[in-house]
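Each chain is listed here by its residues.
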Amino acid sequence: MKNNFDDNIKSFEIYNDEKINRTKIFDFVLENMADVITVIDHNLNIIFISGSVKNMVGFSEDYFLDKNIINLSLNDDFEKIFKISESKIIDGIIRGSFNYTFFHKDGHKVLSENTYKAYFDSDEALKYILINSREVSKLDKIKVDLRNEKRKLQTILNTNPDLVFHLDKQGNFVGFYQENNENLLIPPEAFVNKNLRDLFDEDFVNISMNAIEYTLIHGSYEYEYELTVGTKKYYHARTGKLNENEVVISVRDITENKNTQIALEESEQKFRNLIENSPDIIYKFSTKNGGLYWSKSLVKILGYLPEEIIEKPSIWQNAIHSDDRDKVLKAIVDDSKGATFNIEYRIKTKDGKWKWIHDSFISKVIKEKEIIIEGHASDITNRKNIEQRLIHNQKILKDLNKTKDRFFSIIAHDLRGPFNGILGFSELLLKAIQEQKFEKLEGYSKFINDSAKHNFDLLNNLLSWSRSQTGQIKFSPKLFNLYDLVESVYFSLNHSIETKGQKFTISVPDDFMIIADKFLLDVVMRNIVSNAVKFTQMGGFIEVFVVAQKQTMQICIKDNGIGIDSANAERLFKIDETFTTKGTSNEAGTGLGLIICDEFVKIHQGEIIVESNVNEGTTFKIVIPVIK
C-alpha cells in the first residue's frame, strides 16, 4: 500500500515537473515568437496578450489588458465574429481568418493577418476567442512594390525597342516578354515551345548557340548578325546569364543604322577615291605639327611622296619661289579666321623644275600659335604658259597693228609726196621742152631723178620689211667673205661718198670668212652705211671694222657725223614712233631702214647697239652669234 502511495507521489511530482517545464516552454515561446497571441472573452475584452505585441505596435501587453478590442480596431471584423450563425459551430469551435488594422504607438497603421478560434460552452454560449496575429504591413508593401516593379518592368519592356527572349541552353524558347513585337520577323506565337533550329537556318543557329554557351560560362556576350526573312535585316544582340541553364537575350534592330553606316562607308570610299584620283593635291597641314595628310597627286605634280613631306614639312615651304614665299605665309596668317583664300605662286618640283600652283585653302587657329590649313592645290603651269603666250601674242598683235598703221602712213605720206613731186616736175619738164626753155631741163631732171631714187629705196625697204612681217624671208646662213660684202656695199654707195668727199675705210681682213645670211646682212649693211654717209658732213670719214669674239662677232660702222642724242637713239628701231631727219646735204630718209635692219639682225639671233654723241659721231655695232 505504501509502495503504491510512494509511486503515486513520485508520479505526481514528475507530472508537476513536466507541467512546470511545459509551462516555461510555453511562456518562452509566447514571449519570443513574432506572432501575437491574444485571448478575448465573450465581451471582447482582452484577458491575455503575448509580450511580442510590443514589437508589433509599440505598446506593452499591460496597455491592452482589460480593453475592448473593438475600441482598438479600425474595422468591424470582430463584430462580425459574434454574428456567426449556429450552423458554423463544429464541436463547439468556430475557426476563421481576417485582416485587422490598428494604430502603432508612433501613429502609423499596422496591418495584421489573423487566424482565430472561438470556443463555446456546452450551452453553446461563447466562452472566449483565441487570436493569432501576424504583421503583414511590410509583406504587403513588398507585394505592392513587387507588383509595381513588375508593372514598371513590363512597361519598360513594352516601350523598349529591343526584343527580349528567354532561352535555355538547348536553344528552346522559354519566354518572350514584350507586347510590342513590330520588329519581329515572325509572329510571337511562333516561338512558343519551339527551338532555334525549328525557326532559323544553320548559320544563325550556330551563332546563337555559341553566344548561349559563351554566356553560361562568362556571364554575358555581345554580337551582331544579319537575318533575311523576306528582307535583309541587321541586329545587335546582348546575352546575359539568368541561371546555370538559361539566358536572356536582348535584341535590337539596327538595320537603319547599319544601312546608314554602309551608305556612309560607301560615301567615304567614293570620297576617298575622288580625293586619291583627283588631279589636285588635297592636303591638311598644321603649322605646329607639320603635314597631316597629302594626297597621291603630290607625286604627279611635284614628284614628292606624301610621307616625305609629312616627315619633313619644310620641303613644301622651302620649295616655294623666294619671290612668292612671303605672300603665301602672309595669306595663311591673314586667313586664320576661317574664310577661303585663293593664291597663285611658283614652286620647285623634286627634279628642279618650276611649276605654277593655284592654292585654295581655309585656315583656322586651333590652339595658341597653331594654325590648321586645309586646301587643294592645282597645277596651273599650262594655263600660265598659255597666259604668257597670250600676253606675248597680244604684244605681237599690238606691234602688228602699229606696223600696219606705220605701213599705211608711209604709203599715204612718204610715197604720195615724192610721186606728187615727180608728177609736178615732169609736167614742168614737159612744158619747158615745149617752150624750148632748155636751161631748166637739167634742174627738173635732177629733181625727178633724186625723187625716183628715193622712192625706189623706199619701195625696196617696204618690200623687204613686208616680207619679214609675213614670214616670207627664210634664214639661210652660208659661209662667205665679209670683206667682199663690205666692198660691194661701198661700190653701191660710191657716188654719194665721192660727192660728199668722204673717206671710206674698210678695216676688215680680205680673207675674213663668216657664216650668216648674206642677203639679209647685205640689206643691213647698205642701210647703216647709207645712213653714215647721209649724216656725215662733207669731207668726213666712215670706217667699217670687225671685232671677233669667242661667242659673237661685231661688225662696226663708225662715222664722225652729226650724231644723235640718247632719247632719239631709243626711237630708231620702233615702228610705232616715226623718226626721220634730213642728212647733212638735205638728204631724205625713209624711216624704215633701221627698223628693217633690226628685224634682219634679230633673225640672226643678234642685236644692234648704237653708241653716239651729238656732233661727235656714231658707231653702229651689228652683234651676231658665231655660227660654227
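Every value quoted in this text rests on a predicted model; they were computed, and no experiment measured them.

Reading guide: rules and limits
Starting afresh in each chain, residues are numbered from 1 along the sequence in its written order. A pLDDT threshold of at least 70 governs which residues receive local features in this predicted model, and a stricter bar of 80 or more applies before side-chain atom pairs are shown or counted, although totals over entire chains, interfaces and linings include all residues. Side-chain descriptors were evaluated using all non-hydrogen atoms of the structure, hydrogens and water having been removed beforehand. Only protein chains enter the accessibility calculation, which uses a 1.4 Å probe. A residue is then buried if its area is under 20% of the maximum for its type, exposed if over 50%, and partly exposed in between. The way it works is that DSSP assigns letters per residue, a run of H or I at least four long becomes a helix, a run of E at least two long becomes a strand, and they are numbered from the N terminus. The arc under discussion is defined with respect to the helix axis, by the directions toward the C-beta atoms. The criterion used for residue contact is that any of the two residues' heavy atoms lie within 4.5 Å. Whenever two N or O atoms come within 3.5 Å, that pair is a polar contact, provided that in protein one can donate a hydrogen and the other can accept it, and provided that, for residues adjacent in sequence, both atoms are side-chain atoms. When DSSP locates at least two bridges between a pair of strands, those strands are taken to pair. All axes are obtained by fitting lines to C-alpha atoms, using only the stretch in contact for helices, and the reported angles, taken between N-to-C directions, cover 0 to 180 degrees. Here a crossing is taken to be left-handed if its near helix is turned anticlockwise relative to the far helix by less than a right angle, and right-handed if that turn runs clockwise. All amino acids are sorted into three groups, where Ala, Val, Leu, Ile, Met, Phe, Trp, Tyr, Cys and Pro are nonpolar, Asp, Glu, Lys and Arg are charged, and the leftover types, Gly among them, are polar. Charge assignment: positive for Lys and Arg, negative for Asp and Glu; neither His nor the chain ends contribute. Each salt bridge in this description consists of a side-chain nitrogen of Lys or Arg and a carboxyl oxygen of Asp or Glu lying within 4 Å of one another.

K.L.:
Would you mind going over helix 16 (residues 482-492) in detail, with residue names and values included?
P.N.:
Within helix 16, the full set of buried residues consists of Leu482, Leu485, Val486 and Val489. Across the axial projection of helix 16, the buried residues extend over an arc of 95°, all falling on one side. Those residues of helix 16 that are buried are in contact with strand 16 (478-481), strand 17 (503-507), strand 18 (513-516), helix 18 (518-534), strand 19 (541-548) and strand 20 (552-559). With a side-chain oxygen lying 2.8 Å from the backbone nitrogen of Tyr483, the N-terminal cap of helix 16 falls on Asn481.

K.L.:
Summarise unusual backbone geometry; cite the residues concerned and give the values.
P.N.:
Here Leu44, not a glycine, exhibits a phi torsion of approximately 70°, which is positive. Even without glycine at this site, Gln605 takes up a positive phi of about 65°. Note that Gln605 resides in the loop between helix 20 (593-603) and strand 21 (607-613). Accessibility expressed as a relative area gives 68% for Gln605, which makes it exposed.

K.L.:
Which residues make up the sheet that holds strand 17, and what are the values?
P.N.:
Strand order in the open sheet made by the five strands is 17-19-20-22-21, with mixed pairing throughout. Edge positions in the sheet fall to strand 17 and strand 21, since each of these pairs with one other strand and no more. Shown here is a sheet whose adjacent strand axes are inclined to one another by a mean of 15°, direction ignored. Pairing of strand 21 with strand 22 (residues 617-625), which is carried by seven bridges, proceeds in the antiparallel orientation. Residue pairing for strand 22: Glu611 is matched across the bridge by Thr619.

K.L.:
A description of the environment of Ser314 should follow, citing residues and the corresponding values.
P.N.:
For Ser314, the location among the structural elements is in helix 12 (residues 314-319). Spatially, the C-alpha atoms of Ser314 and Gly290 are 8.2 Å apart, while their sequence positions differ by 24 residues.

K.L.:
Pulling in residues and values, what's your account of the packing of helix 18 against helix 20?
P.N.:
Closest axis-to-axis distance for the helix 18/helix 20 pair is 9 Å, and the angle between their directions is 145°. Handedness of the helix 18/helix 20 crossing: left-handed. Counted together, Leu520, Val523, Val524, Asn527, Ile528 and Asn531 of helix 18 and Gly593, Leu594, Ile596, Cys597, Phe600, Val601 and Ile603 of helix 20 form the full contact between these two elements. Looking at side-chain class alone, the contact of helix 18 with helix 20 contains 10 nonpolar, three polar and no charged residues.

K.L.:
I'd like a rundown of the side chain of Asp517, residues and numbers included.
P.N.:
Relative to the helices and strands, Asp517 is located in the loop between strand 18 and helix 18. Buried and without a salt bridge, Asp517 has Lys478 as its closest oppositely charged side chain, separated by 8.4 Å. Of the polar contacts made by the side chain of Asp517, one reaches the backbone nitrogen of Leu520; its length is 3.2 Å. Setting aside chain neighbours within four positions, we find Asp517 in contact with Lys474, Phe475, Ser476, Pro477, Phe480 and His604.

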